[in-house]
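Residues per chain are reported as follows:
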Amino acid sequence: MQEERENLAARLLEEVDCGTVYLDAGGKVLFVNRRAEEILHVERAKVLGKRVDMLPLRTPIYRVLSENAQDEPVEVSIDGSVIQVRSSALGAAEGELFQLRDISSDKKEKRQREEFVAMMTHDLKSPLTVIMGYMQALMGEMPSKMDPSLHLFVKEMDKSAVKMLSMIDDVLDAYRLEAGLLQIDRQPCDARALLEGCCRDGEQEAAVHGSYFLSEICDGIPTLDLDEKQITRVFANLIGNAVKFTPRRGTISVTGTIEGGCLLVRVSDTGIGIPESELPRIFNKYFRASGAQGFKGTGLGLTISKAIVEAHGGSIRVESSAGKGSCFSVLLPLAKERCIFKS
């Protein structure tokens, strides 16, 4: 019975699409599956029963099995391919199991993404910045040198250019987030002034949409070490979403208070809300709630906002139900300790 189970385990390991090598406690090679033969360019019959230190030094199998890959995966280059090596200790008397994966295609795909992002940065962002510069110049000439009938057109063109630049930045930051390149530059910041500025912009936007805007930011908020640009982006996104998804005559409310060593900011609205079943995915990249269909957006704003808040040692959460509005809450630490919502 024991022998049958061992034979079944060996057959299963033979079929998996992952190279597998098993060493006993003495470092002797006892098992090599078919995929490991392909990855390491070795015939199992030539290595089975041999200790690792008896294998030829320059061979791929010696290089791989000599790696200490228990704490973290190790990447090894073999004949132009990139092999990820991970090992697991099975116990002092049972040896070590190596898992090998060819990640060359993943590396190539990542490089292609990097090239695409670099191309998009140059081909989209640079000319758009030029357009926005000329638009600002035109707006500066509006009072005296431009026909009043054109003023609205110029303002709408400038507004659309700003939105397009924001969408490009969202895509770029989503890539930086995935690659671990999203940087936070902390500087002493007047958080109250930052919030009040976001509220002024939100109030103007709400007035255009025919909604009511209320804000109440408490006094006594100390100077915080924040990346002002990134945190402004978080609150601008939350307030912008609240305005966008709230029908005419609805209400958007922003409050800022000090609670338990943290700055707590709540952005509430009486808009379309989010179904309860979709709340766990609302911060996922590219996810858009079913009620948001038909509204413009990349589905990246909340993902990036969450990453920015957490990089500051804070946390963000949402409470909502379909048709009854939403409330996004952000906690930011006043000192260096982390702020986490209690369940």
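All chains use their own residue numbering, which begins from 1 and follows the written sequence. Totals for whole chains, interfaces and linings use all residues, but because this is a predicted model, local features are given only for residues with pLDDT of at least 70 and pairs of side-chain atoms are given and counted only at 80 or more. By convention in this description, side-chain values take in all heavy atoms of the structure and omit both hydrogens and water.

Asker: It is not clear to me how the sheet that holds strand 3 (residues 74-78) should be interpreted in this structure. Could you clarify?
Answerer: Hydrogen bonds between backbone atoms are what pair the strands of a sheet, whose relative direction is either parallel or antiparallel. Strands are labelled as partners when DSSP assigns at least two bridges between them. Put simply, DSSP H or I for four residues or longer makes a helix, DSSP E for two residues or longer makes a strand, and each gets a number counted from the N terminus. Judged by pairing direction, the sheet is antiparallel, and its five strands sit side by side in the order 2-1-5-4-3 without closing on themselves. The open sheet has two free edges, formed respectively by strand 2 (29-32) and strand 3, since each of these has just one partner strand. Across the sheet, the axes of successive neighbouring strands diverge by a mean angle of 25°, strand direction being ignored. With five bridges joining them, strand 3 and strand 4 (residues 81-91) adopt antiparallel strand pairing. By the bridge assignment, glutamate 75 is partnered in strand 4 with glutamine 84. What counts as an axis is a line fitted to C-alpha atoms, over the stretch in contact for a helix, and the angles between N-to-C directions run from 0 to 180 degrees.

Asker: So what exactly am I meant to see when it comes to helix 7 (residues 228-244) here?
Answerer: Helical geometry: 3.6 residues make up each α-helical turn, so side chains three or four residues apart lie on a common side. To estimate the expected span of a helix, count its residues, drop one, and scale the result by 1.5 Å. Helix length check: helix 7 (17 residues) gives 24 Å between terminal C-alpha atoms against 24 Å at 1.5 Å per residue, within 8%. Accessibility here uses a 1.4 Å probe with only protein chains present; expressed as a share of the type maximum, an area under 20% marks a residue as buried, one over 50% as exposed, and anything in between as partly exposed. Here helix 7 has its buried residues at Gln230, Ile231, Val234, Phe235, Asn237, Leu238, Ile239, Gly240, Asn241, Ala242 and Val243.

Asker: Hey, could you run me through the environment of aspartate 269 in this one?
Answerer: In this structure, aspartate 269 sits in strand 10 (residues 262-269). Judged by relative accessible area, which is 12%, aspartate 269 ranks as buried. Separated by 186 residues in sequence, aspartate 269 and isoleucine 83 have C-alpha atoms that sit 50 Å apart. Ignoring anything within four residues of it in the chain, the contact list for aspartate 269 reads Ala242, Thr246, Thr251, Ile252, Lys324, Gly325 and Ser326. Within the structure, aspartate 269 has its side chain in polar contact with the backbone nitrogen of glycine 271 (distance 2.8 Å). Contacts are assigned to residue pairs with any non-hydrogen atoms lying within 4.5 Å of each other. Pairs of N or O atoms are called polar contacts if they sit within 3.5 Å, as long as, within protein, a hydrogen donor faces a hydrogen acceptor (for residues adjacent in sequence, only side-chain-to-side-chain pairs).

Asker: I would appreciate a short explanation of the packing of helix 6 (residues 191-209) against helix 7 in the present structure.
Answerer: Between two packed helices, what matters for the description is the angle formed by their axes and the separation of those axes. In contact at an axis separation of 10 Å, helix 6 and helix 7 are set at 25° when each is read in the N-to-C sense. Classified by the interaxial angle, the pair formed by helix 6 and helix 7 is roughly parallel. When you trace helix 6 past helix 7, the crossing you get is right-handed. Only Glu228, Ile231, Thr232, Phe235, Ala236, Ile239, Gly240 and Val243 of helix 7 make contact with helix 6, whose side of the interface consists of Leu194, Leu195, Cys198, Cys199, Gly202, Glu205, Ala206 and His209. Three categories are distinguished: nonpolar for Ala, Val, Leu, Ile, Met, Phe, Trp, Tyr, Cys and Pro, charged for Asp, Glu, Lys and Arg, and polar for the others, with Gly belonging to the last. Classifying every residue of the contact of helix 6 with helix 7 by side-chain character gives 10 nonpolar, four polar and two charged. Should an angle fall under 35 degrees it is called roughly parallel, over 145 degrees roughly antiparallel, and 65 to 115 degrees roughly perpendicular, with every other angle called oblique. Here is the rule for handedness: rotate from the far helix to the near one, and if that takes an anticlockwise turn smaller than a right angle the crossing is left-handed, while a clockwise turn gives right-handed.

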